Amino acid sequence: MSNKTTPRGTALRLRLASALVVTSICVALCANTAPVPSPADQYGALFSDVQENKIFEDGKTFVDAVPRTDPATIMRKFEAAKPTTPQELRAFVLAEFIVPGINDTAPTAMRAHIKALWPQLVRRDAQAPHAGDSAIHLEQPYVVPGGRFREMYYWDSYFTMLGLVADKRDDLVESMIDNFTSLIERFGHIPNGTRTYYLSRSQPPFFALMLDLSKQTDTAVRARRLAALRKEYAYWMAGEGCAQKSKKPCDRVMPMPDGSLLNRYWDDRDTPRDESFAEDRATAAKASGRPPEQMYRNLRAGAESGWDFSSRWLTDPKDLSTIETTSIVPIDLNALLWAIERHIAKQCAQAGDRPCAKEFVKRADLRKASVDRYLWLGKEARYSDWAWYDRKATPVLSSATLYPLFVGMASTGQARAVANTTRDKLIAPGGLRTTNLRTGQQWDAPNGWAPLQWVVIEGLERYGHKDLAQDIATRWIKTVEVTYQETGKMLEKYDVEERLPGGGGEYPLQDGFGWTNGVASAILERYLISTD
């Protein structure tokens, strides 16, 4: 028998040999290889909780996350922590995983981020607006809040200026004050914002307090600003003679039962707001038996308050159609007007205008006496709003109770009582509560707002309650920092119960954000709080 092989036989033998080699390798390796575990296999109950609760909008987000340590350690921590709410679960995941698109980039330090934001929020009106444009032209540079708020706003700007001062941008403080002075000279008041559809109302009057931030020494400029402040005061008191004569509310003036005069929020129009037209009509449609014009005026007045909207203005906290803003005497507004009266009196005295100084000292004294009689509730240790419709204080406890401390209007005893109330009822894990009521309105629980944090911090500091002030400041900064580290953004409002972005209101949550930046910078400058 011949040993000679054909080429065809050789090829066949080579193919068979290769197959045997592959098979032997597979037997050697595959038989000893366990299946590679997926995230569902590794994280079990944690995985199902995260996915079923939709902690992240996209189900792929968590499965692509990178663990900061080994899965066994994470699961031991999970069993020990036992997070029960979606908020707790999200916080756990962000602490234990690097989640793509959420916390996978390290933002710059928050204070540095704020400083870098100021130029992005500065606007300069190059020319007068075109015919039909709603913008009101401003000569000097100014800072906008950010997001949908593309124009300069009144009370926002004071809290923005606090940060500008802390960050050595006094040039912008002065240019914004010049703009506000010009607005008063042109329109008789500072509108809600620099749009024509805002001209029928103002906002909480902080112009006098802005002047306290100014380093301007020019006598002529200071005189011009004082004249503007007196003109603004006349705007708020325009209904004074009518209210005294009729014993009924007139414009922004409210006669009290003893004949004294306090103030309310108002709007010169009684139509749906241009910027919230459909929303206002829908709210009015729900209010059976109430004239639509009455509804619109109250909604507009709520916008003038800056607290749009809050249970402070509602007879039924769960129903916006029960809004009665124009029937309420607010403690914050009257504290601010007292501050204006005191400021005018002081400036007039320095200018040698004794009749003016005497008149405004008297006005301030009368206002304080009326506030103490009607808006101070000694048994409840708080300042309140007062309702015309039932001739008594309203039941809503809000952070507005701190305004008399903020401006220096409270006595030492009143301040001590309010500080205790603040400690017992208004402090949340993440800062100061706006109110204690959950209504779905954005100026109620669980939201906290930068301007109110500053009001309480400054007010408590003024009366010597420094530890409580710093405690609130620290809680707030940590809330802002947690969200900043997660999102890289400074937000308009925050949930101070869970340290999350805030919710509620007529529009989506806005970022930017002018007054949050300003208050954060001012707090960090004052207390040097570490955000590490």
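Residues numbered from 1 in each chain as written. Predicted model: local features only at pLDDT ≥ 70, side-chain atom pairs only at ≥ 80, totals over all residues. Heavy atoms only, no water.

Observations regarding the packing of aromatic side chains
In step 1: What the rule picks out here adds up to 34 aromatic pairs.
In step 2: Look at phenylalanine 62 and phenylalanine 97: their rings are 5.1 Å apart centre to centre, the planes differ by 70°, and that puts the pair in the edge-to-face class. Of the two residues, phenylalanine 62 is situated in helix α3 (residues 59–63) and phenylalanine 97 in strand β2 (residues 97–98); the sequence distance between them amounts to 35 residues. With respect to class, phenylalanine 62 is no different from phenylalanine 97; both count as buried.
In step 3: Ring geometry for tyrosine 158 against phenylalanine 406: centres 6.5 Å apart, planes inclined by 75°, an arrangement best described as edge-to-face. In this pair, tyrosine 158 sits in helix α7 (residues 154–166) while phenylalanine 406 sits in helix α16 (residues 403–407), placing the two residues 248 residues apart along the sequence. In this structure, tyrosine 158 and phenylalanine 406 share a single accessibility class: buried.
In step 4: When the ring centre of tryptophan 307 is taken as reference, the NZ or CZ atom of arginine 312 above it lies at 4.4 Å. (Phe/Tyr/Trp six-rings, centres within 6.5 Å; stacked < 30°, edge-to-face > 60°. Helix = DSSP H or I, 4+ residues; strand = E, 2+ residues; numbered from the N terminus. Buried < 20%, exposed > 50% of the residue type's maximum accessible area, 1.4 Å probe, protein only. Lys NZ or Arg CZ within 6 Å of the ring centre and 35° of its normal.)

With respect to the sheet that holds strand β15 (residues 494–495)
In step 1: The three strands are arranged β14-β15-β16 in an open sheet whose pairing can be described as antiparallel. The two strands at the open ends of the sheet, each matched to only one other strand, are β14 (447–448) and β16 (500–501).
In step 2: In terms of strand pairing, β14 meets β15 through two bridges, oriented antiparallel. Bridge pairing in β15 links asparagine 447 to aspartate 495. (Pairing = 2+ DSSP bridges.)

Focus on helix α13 (residues 292–305)
In an α-helix there are 3.6 residues to a turn, and that puts residues three or four apart on one side.
In step 1: Over its 14 residues, α13 extends 20 Å from the first C-alpha to the last, a length consistent with the 20 Å expected when each residue adds 1.5 Å.
In step 2: The buried fraction of α13 amounts to 11 of the 14 residues, a majority that puts the element mostly inside the structure.
In step 3: All of the buried residues in α13 are Met295, Tyr296, Arg297, Asn298, Leu299, Arg300, Ala301, Gly302, Ala303, Glu304 and Ser305.
In step 4: Looking at the buried positions of α13, the neighbouring elements they touch are α10 (219–236) and α12 (277–286).
In step 5: Directly after α13, the chain includes glycine 306, whose backbone phi takes a positive value near 85°. (Expected span 1.5 Å × (residues − 1). Contact = heavy atoms within 4.5 Å.)

Examining the sheet that holds strand β10 (residues 386–387)
In step 1: Spatially, the three strands line up as an open sheet ordered β7-β10-β11, and their pairing is antiparallel. Edge positions in the open sheet fall to β7 (328–329) and β11 (392–393), since each of these has one partner strand only.

Section: the state of the cysteines
In step 1: Under the criterion given, the structure shown has two disulfides.
In step 2: A sulfur-sulfur distance of 2.0 Å marks the disulfide that ties cysteine 242 to cysteine 250. On the sign convention where negative is left-handed, the bridge of cysteine 242 and cysteine 250, at about -45° about the S-S bond, is left-handed.
In step 3: One disulfide bridge connects cysteine 348 with cysteine 356, the sulfur atoms lying 2.0 Å from each other. Torsion about the S-S bond of the cysteine 348 and cysteine 356 cystine: about 55°, corresponding to right-handed handedness.
In step 4: Assessed through its relative accessible area of 2%, cysteine 348 is described here as buried.
In step 5: Described in terms of the sequence order of its bonded cysteines, the disulfide pattern of the protein chain is 1-2, 3-4. (Disulfide = S-S within 2.5 Å.)

Details of helix α18 (residues 450–462)
In step 1: Compared with an ideal rise of 1.5 Å per residue, which puts 13 residues at 18 Å, α18 spans 18 Å between its outermost C-alpha atoms and is within 8% of the ideal.
In step 2: Counting buried positions over the 13 residues of α18 gives 11, a clear majority of the element.
In step 3: Burial in α18 covers these residues: Ala450, Pro451, Leu452, Gln453, Trp454, Val455, Val456, Ile457, Gly459, Leu460 and Glu461.
In step 4: Residue glycine 464 follows α18 closely and has a positive phi angle near 90°.

Take it as geometry only, folks, not as evidence of what the structure does.
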